[in-house]
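So you can see what is in the structure, the chains are spelled out below.
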Amino acid sequence: MKTFIKKYYYGDIPDDKAGGNELKDSKTPPSGGRGADWPLWEVFIRSKQGLDHKHVGSLHATDAQMAIENARDVYTRRMEGVSIWVVESKYIHASNPEEAGELFEPAVDKIYRHPTFYDLPDEVNQM
Amino acid sequence: MHDLEKIFDQKIDNEVKIEPKDWMPDAYRKTNIRQVSQHAHSEIVGMLPEGAWISRAPSLKRKAILIAKVQDEAGHGLYLYSACETLGITREETINDLHSGKAKYSSIFNYPTKTWADIGAIGWLVDGAAIMNQVMLTRTSFGPYARAMVRICKEESFHQRQGFEILLVLSKGSDEQKAMCQDAIDRWWWPSLMMFGPHDSESTNSEQSMKWKIKRKTNDELRQNFVDMCAEQVKVLGMKIPDDKLKWNEERMHYDFGEINWDEFWNVVKGNGPCNKERLDARKKAWDEGEWVRKAAAAFAEKRKASPNPSKGGALEAA
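Everything numeric here is computed off the predicted structure, so don't read it as measured data.

Draft legend 1. The arrangement of the pattern of salt bridges in detail. Residues and elements named next belong to chain B. What the rule picks out here adds up to 28 salt bridges over all chains. For the salt bridge of K69 with D127, the shortest nitrogen-to-oxygen distance reads 2.8 Å. Of this pair, K69 sits in helix α3 (residues 60–85) while D127 sits in helix α5 (residues 116–137), and the two are 58 residues apart along the sequence. By the burial criterion, K69 is buried, and D127 matches it. A salt bridge links D97 to K102; the nearest nitrogen and oxygen atoms lie 3.9 Å apart.

Structure, rendered in structure tokens:
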């Protein structure tokens, strides 16, 4: 059976597959010496009890505790959050946008999954 | 033109957002990096002229408000840096470009804040101009940039309102306060108009940016909207805009206004504004003097990893 689904880790979709040329990392250290290497974290905020956590952006922090505190300072100054999730960006796995067509193809021709596919008499149409 | 570029162009035409890992022309990536990073730098450098007045705000209420505004600017810078990072450039390189002078930031922040009224003028005029630009950019084609703009616009409105309110209070005060209010408007008006950039005809980046729907309105369009808005608002203050050519034009249904001093514009853009050196020095100093903090944080994280203390509380919980 042909494998349509390949797992790509967000951080390592190869440059030529990602599209365009990603810029090379600068080799010159910033002025004033090397900044400590802080990993990148993705931030998810639940704005209200009952809602999902939503992705709001990213930030650099040394560890999870700092990431959460920084996320609080950056993303919830106006009480926009009751809960924060942080995940190191390297642990986010993403589907490859270029293979989205293939990956999502199975759903395209299954309109019978939608309620509107079914024609019912008026008496029961509010189902 | 190969398929990927056709698909990209179609997305632009159909108002489909471009996301970080989508294919994009190299020039599109580069111009977004330039624009988003310079926008971020502007927010961070913008903290400096206002930060200077935190210790001299006339009341506790004004001090707390100004601190909150400056904190917002830091947050805005961070939203934009993180959006920029999705384009494949590291934070370090972005910051480095600012410090080396390679990257620009909005020239408006190269002017000094001489009086408390300047804080009002900045809120009303500078943030007002920024809002005009940012509302337009909520429809920009690059997804992370558009989303950052939506977030920023929600917060920016308080900035403009507090600025206008400062001027309103001054405009109802003593003769000295009224004069201070007018003086601040006199000094910040033209630089605010310059924020919209050169005339469309002189703007080298504009055409391609409009084609790729990075920019949705031209410099001159935005500038005209801004003048129209402020010409009305200034009446509420009982103050004057320092432009004797400012006049309502019934035919155009817009205000006519005078010509910007383009020599001053280009001079400040090139780095010869009153505070260019001071701003960049402050940023570099902050980076250099903060090095020990970055190192200490990293070292502490290592230490915590090596011997975790579960009984110590903290913000963490298993999700």
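Now that the structure has been shown, the text picks up again.
Draft legend 2. Molecular detail of a nonpolar patch on the surface. Together, I111, Y112, F117, Y118, L120, V124 and M127 of chain A make up a nonpolar patch on the protein surface, roughly 730 Å² of accessible area in all. One can find F117 of chain A in the segment after α4 (105–108).

Draft legend 3. Structural view of the confidence of the model for chain B. Scored by pLDDT, chain B has a mean of 91; 96% of the residues are at 70 or more. Interface confidence for the predicted complex, given as ipTM, is 0.80, next to a pTM of 0.83.

Draft legend 4. How the structure looks around the packing of aromatic side chains. All names here are of chain B. Taken as a whole, this structure holds 15 aromatic pairs over all chains when the rule is applied. Among the aromatic side chains, those forming a connected cluster through ring pairs are F8, W23, Y28 and W212. Directly above the ring of Y79 sits R151, whose terminal nitrogen or CZ lies 5.6 Å from the centroid. Positioned above the aromatic ring of W287, the side-chain terminus of R294 is 3.8 Å from the ring centre.

Draft legend 5. Structural view of the nonpolar core. All names here are of chain B. Grouped together as the largest cluster of nonpolar side chains are 89 residues, with contacts concentrated most on Y28, W124, W189 and F226. In terms of residues, this core owes the most to one element, α5, which gives twelve residues. Excluding its chain neighbours within four sequence positions, the residues that come into contact with W189 are L125, F226, V227, C230, I241, P242 and D243.

Draft legend 6. Structural detail: the environment of Q224 of chain B. Residue and element names in this part refer to chain B. Take Q224: it is sitting in helix α9 (residues 219–237). Among the residues examined, Q224 registers a relative accessible area of 9% and is labelled buried. Separated by 65 residues in sequence, Q224 and H159 have C-alpha atoms that sit 21 Å apart. The residues contacting Q224, other than those within four sequence positions of it, are R252, H254, Y255 and F257. For Q224, the side chain forms a polar contact with the main-chain oxygen of Y255, separated by 2.9 Å.

Draft legend 7. View of empty space enclosed by the protein. All names here are of chain B. On inspection of all chains with the given rule, the structure shows one cavity of 30 Å³ or more. A volume near 40 Å³ is recorded for the largest cavity. K11, I12, E15, V16, K17, S141, K213 and R216 are the residues that line the largest cavity. Looking at side-chain class alone, the lining of the largest cavity contains two nonpolar, one polar and five charged residues.

Reading the values: rules and limits
All residue numbers refer to positions counted from 1 along the written sequence of the respective chain. A letter from A marks each chain and a number from 1 marks each ligand, given out in the order of writing. Two thresholds apply to this predicted model, a pLDDT of at least 70 for residue-level local features and 80 or more for giving and counting side-chain atom pairs, whereas whole-chain, interface and lining totals are computed over all residues. Side-chain metrics in this entry use all non-hydrogen atoms of the structure; hydrogen atoms and water are not considered. The salt bridge criterion pairs a side-chain nitrogen of Lys or Arg with a carboxyl oxygen of Asp or Glu, the two atoms within 4 Å. Under the DSSP-based scheme used, a helix requires at least four consecutive residues in state H or I and a strand at least two consecutive residues in state E, with every element numbered from the N terminus. Burial classification: accessible surface area is computed with a 1.4 Å probe over protein chains only, and a residue below 20% of its type maximum counts as buried, one above 50% as exposed, and the rest as partly exposed. In this scheme, patches are assembled from residues that exceed 30% relative accessible area and form no salt bridge. Like charges are connected within 9 Å, while nonpolar side chains (Val, Leu, Ile, Met, Phe, Trp, Tyr) are connected within 5 Å. To measure how exposed things are, a 1.4 Å probe is used in the Shrake-Rupley method; for residues, cover is taken only from the protein chains shown. pLDDT expresses how confident the predictor is about each individual residue, on a scale running from 0 to 100. Any two rings among Phe, Tyr and Trp, with Trp reduced to its six-membered ring, count as a pair given centres within 6.5 Å; such a pair is stacked if its planes are under 30 degrees apart, edge-to-face if over 60, and tilted if neither. Two conditions define a charge located above a ring, namely a distance within 6 Å from the ring centre to NZ of Lys or CZ of Arg, and an angle within 35 degrees of the ring normal. Buried Ala, Val, Leu, Ile, Met, Phe, Trp, Tyr and Cys residues that are joined via side-chain atoms within 4.5 Å together make up what is termed a nonpolar core. The criterion used for residue contact is that any of the two residues' heavy atoms lie within 4.5 Å. Polar contact criterion, stated in full: a pair of N or O atoms within 3.5 Å, where within protein one must be able to donate a hydrogen and the other to accept it, and residues adjacent in sequence count only if both atoms are side-chain atoms. The way it works is a 1 Å grid over only the protein atoms, where trapped points that fit a 1.4 Å probe form a cavity and open points with protein on both sides within 12 Å along at least five of seven lines form a pocket, and then any residue with an atom within 4 Å of a point lines it. Grid points are joined across faces, edges and corners, and a volume is the space filled by probe spheres set on the points. Note on residue categories: nonpolar means Ala, Val, Leu, Ile, Met, Phe, Trp, Tyr, Cys or Pro, charged means Asp, Glu, Lys or Arg, and polar means any other residue, Gly included.

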